[in-house]
Number of protein chains: 2
Amino acid sequence: MKLATLRDGTRDGALVVVRRDGTTFARAHDVARTLQAALDAWEATEPGLRALSERLDAGKLEGEPLDVRQLHAPLPRAYEWVDGSAYLNHVRLVRKARGAEPPPTLETDPLVYQGGSGVLLGPTDDLILPEPAWGMDFESEIVVVLGDVPQGIRAADASRYVRLVTQCNDVSLRNLIPPELAKGFGFFQSKPASAFSPVAVTPDELGDSWRDGKLHLPLLVEVNGVAFGRPDAGTDMVFSFPQLIAHAAKTRSLCAGSIIGSGTISNQDRSVGSACIAERRMLEQLETGAPKTPFLKFGDRLRIDMQDREGRSIFGAIEQHVGRR
Amino acid sequence: MKLATLRDGTRDGALVVVRRDGTTFARAHDVARTLQAALDAWEATEPGLRALSERLDAGKLEGEPLDVRQLHAPLPRAYEWVDGSAYLNHVRLVRKARGAEPPPTLETDPLVYQGGSGVLLGPTDDLILPEPAWGMDFESEIVVVLGDVPQGIRAADASRYVRLVTQCNDVSLRNLIPPELAKGFGFFQSKPASAFSPVAVTPDELGDSWRDGKLHLPLLVEVNGVAFGRPDAGTDMVFSFPQLIAHAAKTRSLCAGSIIGSGTISNQDRSVGSACIAERRMLEQLETGAPKTPFLKFGDRLRIDMQDREGRSIFGAIEQHVGRR
């Protein structure tokens, strides 16, 4: 089942079910007005949403033509946005880039940070860059949207709380990160609003690509129409989503609609490229002595997509321009 | 005007207006179902809420008797919880306690961290401590609840976005902090759910105690019925709320209902005591060579209150027990 949120003039938009091929949608207001409302009462709402989805996919319901520019992020605002950093190849490269040592617990204790969740960008919303010197970068990753997770859940029991899967552009302002992290309290100003794909899907929609708490498919990243990277999200992910969930819920419960991110996808195989600019810059520096690829600038175009084995987009693409304001 | 959220079996509770003396309340469902809904459309909802409030205060509306145990936090979940650390006396003492240097920008660049906001505790909810060795501490502070704040707002223009003021217990697990901060991404597991006072008030309710973007009144903290501290929230607050808001909105907008905290209130005058245990322990260590006061343990009772100059509770007290689960 594929779900999305239609812009309707309200803050939280209108929940819709999207046909598997992404061409049409059906309004779900008779089941739940918003995606958050659906997640808040999932046991009650899931059957109705699945019924709509099946009728739409079977052609028994005509649906309305879908233009992704009509869509918000699946959750235009969320109660928690917890981003992990499960691809340690990424952690090692970006820490090397800013001259910081990875922590000694890197391979046993997941890195996560609490992100701002009050404003989440839609798939075609501009990336606003008030100050180019901030060094804007994209970070392409997979995220899961949760049901209510009790405090203290173990990783072995956590996968059942994954309601939806989608992709995210976790925007970073690279040049604000070193001074901010030096203060000791983690990211804040260096992490502006993140952007999300048009569509979030239930795990069953992913077939056997969703296994071991990971999504085993490459994420396709293009900048200005040129391939930038296609790292596989299932490769080199050292902590699975259930492990990230257990880490996040160690000392508190998580409410329905909480979003957990994988961190920037990164493979040790350098031939697949990168899912953020900082990594490519570090590799350039290692190979040639200096970074070459600039951070994002006004007018740049970014595209992040993931396709199933038949080449069909699963979540719809994130397609963003960098704008002034 | 005083607002609160009644437990009614739903996640977000029911918005009520509370009489100034805290004895009765009136249901506000004809104006807005929840506090978040009221904040989402403040221009439209504020007049109706104020009309209810005036009738209740004037005795033209009878109201229902208020028992604070019926109340959630004013926002049982919020889209952002951004906690500052504006009392540098606190920062210096707790960093000394864990052998960490304050950052060189301490006096010019506010410290803030992004807190978990999906589960916020009500004023009488138990503090659950699964593992006493985690070192549970309370941190007593003042918070503001915002309207929609545009990205890039200057401090001089930020006070107009303060919709409500209330008090908070920003719970910390002290023994989890040093290893977590050493990882470089800030607080996460060391910050379980925060608790809030029964009532949030509009700034006009505070009279001239609310000036210069600060609340000039002492916060009264008791542990197990014994006075623990009464630091003045207007004294030694180095960054005002408008300055904290401007800092938080530098690179992103903040949505209505975002909560900004002052950080633990702390005065240089040691005779007023402390608003958290860690500070008292550090002062004990400086004076006698060793900390004496233990962190919270099962059965401990905590009370945090703030009174106006006539001795009336403004927000109602936070009264929590430490429980096992």
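Here, the structure is the one placed above.
The residue numbering used here restarts from 1 in each chain and proceeds along that chain's sequence as written. Chains and ligands are labelled sequentially in the order written, the chains with letters from A and the ligands with numbers from 1. For this predicted model, a pLDDT threshold of at least 70 governs which residues receive local features, and a threshold of 80 or more governs which side-chain atom pairs are given and counted, while totals over whole chains, interfaces and linings are taken from all residues. Note: side-chain values were computed over all heavy atoms of the structure, leaving out hydrogens and water.

(A) The arrangement of the interface of chain A and chain B in detail. Between chain A and chain B, the residue contacts involve 51 residues of the former and 52 residues of the latter. Summing the contributions of chain A and of chain B, the shared interface buries around 4,600 Å²; its carbon and sulfur component is 53%. The term salt bridge refers to a side-chain nitrogen of Lys or Arg lying within 4 Å of a carboxyl oxygen of Asp or Glu. Counting across the interface, chain A meets chain B through eight salt bridges. For the salt bridge of Arg77(A) with Asp40(B), the shortest nitrogen-to-oxygen distance reads 2.7 Å. By the criterion applied in these results, polar contacts are pairs of N or O atoms within 3.5 Å in which, for protein atoms, one can donate a hydrogen and the other can accept it, and in which residues neighboring in sequence qualify only through two side-chain atoms. Taken together, the links from chain A to chain B amount to 27 residue pairs in polar contact (both at pLDDT 80 or more). Think of it this way: any DSSP run of H or I at least four residues long counts as a helix, any run of E at least two long counts as a strand, and we number them from the N terminus. Among the secondary structure elements, those contributing two or more residues to the side of chain A that touches chain B are α1 (35-40), β6 (112-115), α5 (177-182) and α6 (241-248) of chain A. Ranked by the residues each element gives to the side of chain A that touches chain B, the list is headed by β6(A), at four residues. In what follows, residue pairs with any heavy atoms lying within 4.5 Å of each other are defined as contacts. Computed with a 1.4 Å rolling probe, the buried area is the accessible surface lost when two parts are put together, summed over both parts.

(B) View of the relation of the copies chain A and chain B. For these two chains of identical sequence, chain A goes onto chain B by a turn of 180° and a shift of 0.0 Å along the axis, with RMSD 0.0 Å. In the structure described here, the two chain copies are related by an operation that fits a two-fold rotation axis. Of every C-alpha in chain A, the one belonging to Gly186(A) sits nearest the axis of rotation, 1.9 Å from it. A symmetric contact is evident, with 100% of the interface residues of chain A recurring at the interface of chain B. In this comparison the copies share one frame, found by least squares on the C-alpha atoms of residues holding pLDDT of at least 70 in both.

(C) Region of the structure containing the sheet that holds strand β20 (residues 318-323) of chain B. Residues and elements named next belong to chain B. An order of β7-β20-β19-β16-β17 is seen for the five strands of this open sheet, with the pairing classed as mixed. Across the chains shown, the open sheet's two edge strands, defined by having one partner strand only, are β7 (127-128) and β17 (226-229). A pair of strands is treated as paired once DSSP finds two or more bridges between them. Sheet topology note: the strand β19 (residues 301-306)/β20 ladder contains four bridges and is antiparallel. Residue pairing across strands places Ile304 opposite Ile318, the latter belonging to β20.

(D) Focus on the packing of aromatic side chains. Two rings belonging to Phe, Tyr or Trp (six-membered ring only in the last case) form a pair when the distance between their centres is within 6.5 Å. Interplanar angles under 30 degrees mark stacking, angles over 60 mark edge-to-face geometry, and anything in between is tilted. One pass over the full model with this rule turns up 13 aromatic pairs over all chains. Plain terms: the ring middles of Tyr79(A) and Tyr79(B) are 4.3 Å apart, the flat faces sit at 15° to each other, and that makes the pair stacked. Of this pair, Tyr79(A) sits in the loop between β4 (64-65) and β5 (81-84) while Tyr79(B) sits in the loop between β4 (64-65) and β5 (81-84), each in a different chain. Assigned by exposure class, Tyr79(A) and Tyr79(B) land together as buried. One aromatic cluster is present, formed by Tyr113(A), Phe187(A) and Phe185(B) through successive ring pairs. Sitting above the plane of the Phe298(B) ring, Arg324(B) keeps its charged end 3.9 Å from the centroid. For the exposure calls, accessible area comes from a 1.4 Å probe over protein chains only, and a residue counts as buried if that area is under 20% of its type's maximum, exposed if over 50%, partly exposed in between. Here, a charge over a ring is recorded when the distance from Lys NZ or Arg CZ to the ring centre is within 6 Å and its angle to the ring normal is within 35 degrees.

(E) Representation of the pairing of β17(B) within the structure. Residues and elements named next belong to chain B. Where strand β16 (residues 219-223) meets β17, three bridges bridge the pair, whose relative direction is antiparallel. From the neighbouring strand, Val223 faces β17, where its bridge partner is Val226. Hairpin remark: β16 followed by β17, antiparallel, with two residues in the connecting loop; positive phi at Asn224, about 50°.

Coordinates in, geometry out; function isn't part of it.
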